[in-house]
Amino acid sequence: MFTPVESRVNSNDARGNDRGGNQLYSAPERSQRDGHNTINTINNKADMFAFGAVLSDTCAWVKGGPTEKAKYLQQRKNYHQNVETQCGRDYEGCFHDGVERLPIVDDMHEVIRNHCQLANDKITPRVIEMIEQYMLLPNPNSRYGAGELSKRFNEILRPNSDTTLVADPQPVRESRDQSLADLGKRIAKRESASGPEAKRFRNSVDADIERLSKDLNINVPHRHHLFYIDDSTSMSKHAKSVEEAFLALLHLTRRLEGHKVELCFASDSKKIHQKRRAKGLAQLVARQEYLRQPDMMEQCFVQLVHNVIIPRLPSHIFGMKVNLFAKTKKPTSIYVFTDGNWGRQGGPADGACGVEGPIQQLSRELLKRNLDKNYVSFHFVRFGDDPDGRRHLTYLDRVGWGTNR
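Visitor: I'm lost on the packing of helix H4 (residues 124-135) against helix H5 (residues 146-157) in this one. Help?
Guide: Pairs of packed helices are described in terms of their axes, by the angle between the two and the distance that separates them. Where H4 meets H5, the closest approach of the two axes is 11 Å, and the angle between their N-to-C directions is 160 degrees. For the element pair H4 / H5, the angle class is roughly antiparallel. Pair H4 / H5 crosses with right-handed handedness. Contacts from Arg126, Val127, Met130, Tyr134 and Met135 in H4 reach Leu149, Arg152, Phe153, Glu155 and Ile156 in H5. Taken together, the residues of the contact of H4 with H5 break down into seven nonpolar, no polar and three charged.

So, in structure tokens, the structure goes:
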């Protein structure tokens, strides 16, 4: 493959003489003995690192084609300019520093994950997870062999494999919070960064936000953005992740809509928060207490739909959309941060604890007013992995697709 080895035995553990090869995709152990007058012996787990590097490059191509792949290579080369053991050698641009995977590789993977969320790509993030956990590892013995990787890839590509990512603007979808939370952590670090590396780190985060903002603008253009946070007791254990994911999405949506982005909590759905500075909304989320009973979510959604959303909907008068009293006159995207745990454990197998009721009423109201089914869209950002929560959100997904078509 990309790290040729003259092996003595057909085995994952067999060692052989390094015959040289493509340094760009080489494993760390391939470079550790270069320049010495000795034979460098490696095993074919080096190929697993090389294959992971090729896949990482491919993921960059998935995001932005040859341009993104070339940009990724240049980022690695720039990083190696500051690595004494790699600078000026044929290894510039490879995926390691002679020992560890480059931090710039992880940064690029995070950018790709966030792009995939917005593009509804369910496969690439799982490939990246494979690359990071089983392939681009410093210790050859920690890497999976070809047989193990084959099983994992078959699981990823299985039609019914379980992958849920950030939604496109349809009536109801669900998503995981992990990539958003990671971006939120980077944004938080950006705010407090100092020292000689601070400017480069801030520029890197700003570039990520700019790229994601463009993607978001393509997927949900010219829309109003409202964050709706489930502040029930079951969500208290996810409070930190909620803060981080909120910070990430807030920065993205404010790039599109400025200070008009809104926030409300399920415990008081009628109270809408809007701050001129992003820090003000972030502080509200950080200080929020999670005290509401989980089984009250139906009533919370009734308040949100009937007291906030429907009063803002326009009506068609003489062929024009008119609502003189609406605070915003644009279609609305609502980001619901929740674990989906809205009732007693092991409750009824069908339904979503009544939450589907107000959503269906809203769909009928959109139809009645001759508005597009996506004039109001819900994007469920799921936290945790509660089985009942997953079932509730899966049910809502079916309801969303089946109404106001």
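Visitor: Please explain the packing of helix H2 (residues 45-80) against helix H3 (residues 103-119) as it appears in this structure.
Guide: Viewed as axis vectors pointing N to C, H2 and H3 meet at an angle of 155 degrees, and their least axial separation amounts to 10 Å. When the axis of H2 is compared with that of H3, the two are roughly antiparallel. Here the hand of the crossing between H2 and H3 comes out right-handed. The residues of H3 that touch H2, namely those facing Ser56, Cys59, Ala60, Lys63, Glu68, Tyr72, Gln75, Arg76 and Tyr79, are Pro103, Ile104, Val105, Met108, His109, Val111, Ile112 and His115. Of the residues contributing to the contact of H2 with H3, the split by class is ten nonpolar, four polar and three charged.

Visitor: Is there a simple way to think about H4 in this case?
Guide: Because an α-helix packs 3.6 residues into every turn, residues spaced three or four apart end up facing the same way. When you tally the buried positions in H4, you get nine out of twelve residues, the bulk of the element. All buried positions along H4 are accounted for by Thr124, Pro125, Val127, Ile128, Met130, Ile131, Glu132, Tyr134 and Met135. Buried residues along H4 sit in contact with H2, H3 and H5.

Visitor: Explain the pattern of salt bridges to me, please; I cannot follow it from the model alone.
Guide: Throughout the structure, instances matching the rule amount to 14 salt bridges. For the salt bridge of Glu68 with Lys71, the shortest nitrogen-to-oxygen distance reads 3.7 Å. Taken together, the residues Glu68 and Lys71, both in helix H2 and three residues apart, mark about one turn of the helix. Between Arg101 and Asp106 there is a salt bridge whose closest N-O contact spans 2.8 Å.

Conventions used here
- Residues numbered from 1 in each chain as written.
- Predicted model: local features only at pLDDT ≥ 70, side-chain atom pairs only at ≥ 80, totals over all residues.
- Heavy atoms only, no water.
- Axes fitted to C-alpha atoms, helices over the stretch in contact; angles between N-to-C directions.
- Helix = DSSP H or I, 4+ residues; strand = E, 2+ residues; numbered from the N terminus.
- Parallel < 35°, antiparallel > 145°, perpendicular 65-115°, else oblique.
- Left-handed = near helix turned anticlockwise from the far one by under 90°.
- Contact = heavy atoms within 4.5 Å.
- Nonpolar A, V, L, I, M, F, W, Y, C, P; charged D, E, K, R; others polar.
- Buried < 20%, exposed > 50% of the residue type's maximum accessible area, 1.4 Å probe, protein only.
- Salt bridge = Lys/Arg side-chain N within 4 Å of Asp/Glu carboxyl O.

What is shown is where atoms sit, not what they do.
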